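Spelled out, the chains give:
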Amino acid sequence: MTDPTPLLSESNSAELKNHHHDQHSSLDEMIERCIGDFGWAQFLQAILVSLTWVFDAQQTFISVFTDAAPTWHCCDVDDYSCNSALSKSQVCQLPRTSWALDLPPQASIISEWTLECASSLITALPASSFFVGCLVGGFLLATLADSSLGRKNALLFSCLLMSGAGLLTVLSSNIWIYSTFKFLCGAGRATTGTCALVLSTELVGKRWRAQVGIIGFFCFTLGFLSLPAIAYLNEGASWRTLYLWTCVPAVFYSVLVHFFVRESPRWLFLQGRKEEFIATLTSIASPSADFYVRNLTMSSASSCSLFNEHKTSRIEVDLYSAIVILFKKRWAFRRLVAVMVVGFGVGMVYYGMPLAVGSLPFNLYWSVTLNALSELPACLGTFFVIGRLNRKSAVSGFAILSGACSIMCVMLQTSGVIQIGLELVSFFSACTSLDVLLIYTLELFPTCVRNSAVGILRQLVVLGGAFSPLLVAAGRETGGLIVSYVVFGAVIGFCGLFVICLPETRGGTPCDTIDEEENKEATASDFHSAL
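Residues numbered from 1 in each chain as written. Predicted model: local features only at pLDDT ≥ 70, side-chain atom pairs only at ≥ 80, totals over all residues. Heavy atoms only, no water.

Put simply, the rule reads: UniProt positions are given in the numbering used here, feature names are shortened, and annotations may be inferred rather than shown by experiment.
The name an unreviewed UniProt entry assigns to the chain is Major facilitator superfamily (MFS) profile domain-containing protein, from the organism Escallonia herrerae. Of the comments in the UniProt record for the chain, the one headed Sequence similarities (unreviewed entry) reads "Belongs to the major facilitator superfamily. Phosphate:H(+) symporter (TC 2.A.1.9) family." In the Catalytic activity (unreviewed entry) part of its UniProt record, the chain is described as follows: "phosphate(in) + H(+)(in) = phosphate(out) + H(+)(out)".

Right, here's the structure in full:
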């Protein structure tokens with residue numbers, strides 16, 4: 001006699017899959033009816049949340065000016081041993097009276113604390129401490145947005161920590177105290193962009209997620225662009241002025257977040273907070289959905305049934321369970337490792353290029369401004385690429401182009417204009433690759449672990465950036481570009497190839513729970529097996 005158990009198991013499994021599919025469809029239908037059309041309330045929420053990226057960019061790249069190697073000139077023009085083309089190690093062998101700084105000592109931490117002849121490990125310590133702080137903060141704080149704090153409160157806490165630590169840097173009396181505050185600033189900055197990206201995309205319908213995510217990238221560009229302008233207006237002033245100009249507005253912005261930003265309705269739903277879920281949908285719903293929202297508010301029977309149905313499949317996400325899930329589930333771990341490797345390579349170029357432009361024979365203010373401006377076409381490029389190209393092709397293609405241009409920047413040293421042009425193309429390609437990679441990661445992971453996944457990706461991007469100050473400082477000591485730009489090009493080109501390990505998500509619908517993602521993965525696997 002044949003054993004009927006396998007038939008019974010297959011039947012139950014099919015029913016369970018259909019049940020989860022119906023639950024997901026019901027949730028998506030409820031949310032899409034309320035926020036599917038992009039209204040003014042959602043637009044204002046997206047803008048307000050995305051402004052976080054302005055302060056994120058300012059604190060990320062402020063070291064380009066505050067920690068800049070000071071320019072100098074020879075005191076005696078008849079002294080042939082003194083030459084402006086000398087490398088740092090050669091200048092330090094000259095008598096201190098034979099050369100002088102172009103700007104007052106307080107214009108940079110290097111000149112204020114007489115670190116002109118210090119080793120590259122010392123001068124690169126503050127920037128490296130910032131990136132290490134980003135790594136530590138990302139590990140400690142990223143899961144809070146998926147668990148106890150939620151998207152909004154995690155964003156508020158991170159922004160306050162970043163701006164508060166930035167303000168405290170003005171009290172620094174030496175590079176060690178300064179590096180400590182930079183570490184704390186990096187720890188706060190670690191999750192600001194992640195929370196802003198996830199929250200802004202979860203406040204709108206699936207049709208507008210990619211476009212809303214790109215608003216944050218535009219705001220990051222504006223923050224980056226504001227730095228050379230602020231630095232130029234304060235040229236010769238204390239480096240502490242830059243921190244005051246960038247951190248005080250961030251504190252006031254945090255107050256606006258507390259009073260006016262709404263929590264993610266999807267996160268509220270998964271946490272079982274029904275009243276807040278309905279209230280949030282009511283406040284951000286588009287005008288065309290008013291009738292449906294009123295019915296939903298007056299009669300909670302449909303919403304109650306949805307909450308009850310999801311209790312059986314909802315996973316309780318505590319402080320670190322999201323990370324445990326990402327590493328325990330085989331499909332999630334495979335995806336996470338791939339995006340981590342790609343993010344590491346892209347991050348090394350993305351953070352390293354702006355720090356290394358001072359090594360090029362070009363004006364520092366113009367170099368940083370042009371790098372910041374190159375992010376604008378990168379955002380526009382991402383806007384069009386998202387709808388027209390596969391995610392895998394876009395990420396890998398721009399990463400390889402960035403690597404090729406970075407290496408060519410070393411090979412063609414005959415013209416400063418050609419070098420800065422290749423550097424801009426390399427940076428533009430890295431920016432576009434990173435923007436698409438962030439949107440891609442949002443689509444690869446379900447809501448219950450999405451913030452943690454994006455947070456881990458950003459930490460690997462930062463880890464790549466953490467090596468950049470050391471590479472740039474080593475290049476300045478030797479007076480050449482090979483150490484930094486060749487490494488940049490080789491790493492991003494190689495790491496970009498790992499995107500082939502990921503599934504394509506273009507045109508798909510992001511899931512909310514682990515069960516939904518696994519069912520979709522199983523369905524795709526069965527489909528490919530049938531073929």
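## Structural notes on a nonpolar patch on the surface
Rule in force here: Only residues above 30% relative accessible area that lack a salt bridge enter a patch, with like-charged residues linked at up to 9 Å and the nonpolar side chains Val, Leu, Ile, Met, Phe, Trp and Tyr linked at up to 5 Å. Computed by Shrake-Rupley with a 1.4 Å probe, the accessible areas treat only the displayed protein chains as cover when residues are assessed. Every case where a carboxyl oxygen of Asp or Glu lies within 4 Å of a side-chain nitrogen of Lys or Arg is listed as a salt bridge. The numbering of helices and of strands both runs from the N terminus, where a helix is a DSSP run of H or I of at least 4 residues and a strand a run of E of at least 2. For every residue, the accessible area (1.4 Å probe, protein chains only) is compared with the maximum for its type, and the residue is labelled buried under 20%, exposed over 50%, or partly exposed between those bounds.
On the surface, Ile407, Met408, Met411, Leu412 and Ile418 cluster together to form a nonpolar patch covering roughly 430 Å² of accessible area. Among the elements that take part in the nonpolar patch, helix 22 (residues 391-411) stands out by supplying 3 residues, more than any other. You can see methionine 408 is positioned in helix 22. By relative accessible area, methionine 408 is classed as partly exposed at 36%.

## Concerning the side chain of serine 108
We count it as follows: Note on contacts: a residue pair qualifies if any of its non-hydrogen atoms lie within 4.5 Å across the two residues.
Here serine 108 lies in the loop between strand 2 (99-101) and helix 6 (109-112). With near-sequence residues (within four places) excluded, serine 108 lies in contact with Thr66, Asp67, Ala68 and Trp239.

## Quick word on the environment of tryptophan 331
Among the structural elements, tryptophan 331 can be located in helix 19 (residues 330-356). A relative accessible area of 7% means that tryptophan 331 is categorised as buried. Separated by 186 residues in the primary sequence, tryptophan 331 and glutamate 517 have C-alpha atoms spaced 9.5 Å apart. Non-local contacts of tryptophan 331, meaning those with residues more than four positions away in its chain, are made with Leu444, Pro446, Ile514, Glu517, Glu518 and Glu521.

## What about the confidence of the model for the chain?
As a reminder, the rule being used: Each residue carries a pLDDT score, the predictor's confidence in it, ranging from 0 to 100.
On average, the chain scores 78 in pLDDT, and the residues at 70 or more come to 76%. In the predicted structure, residues 1-25 sits below a pLDDT of 50 and forms 17 contacts with residues beyond four places in sequence or in another chain.

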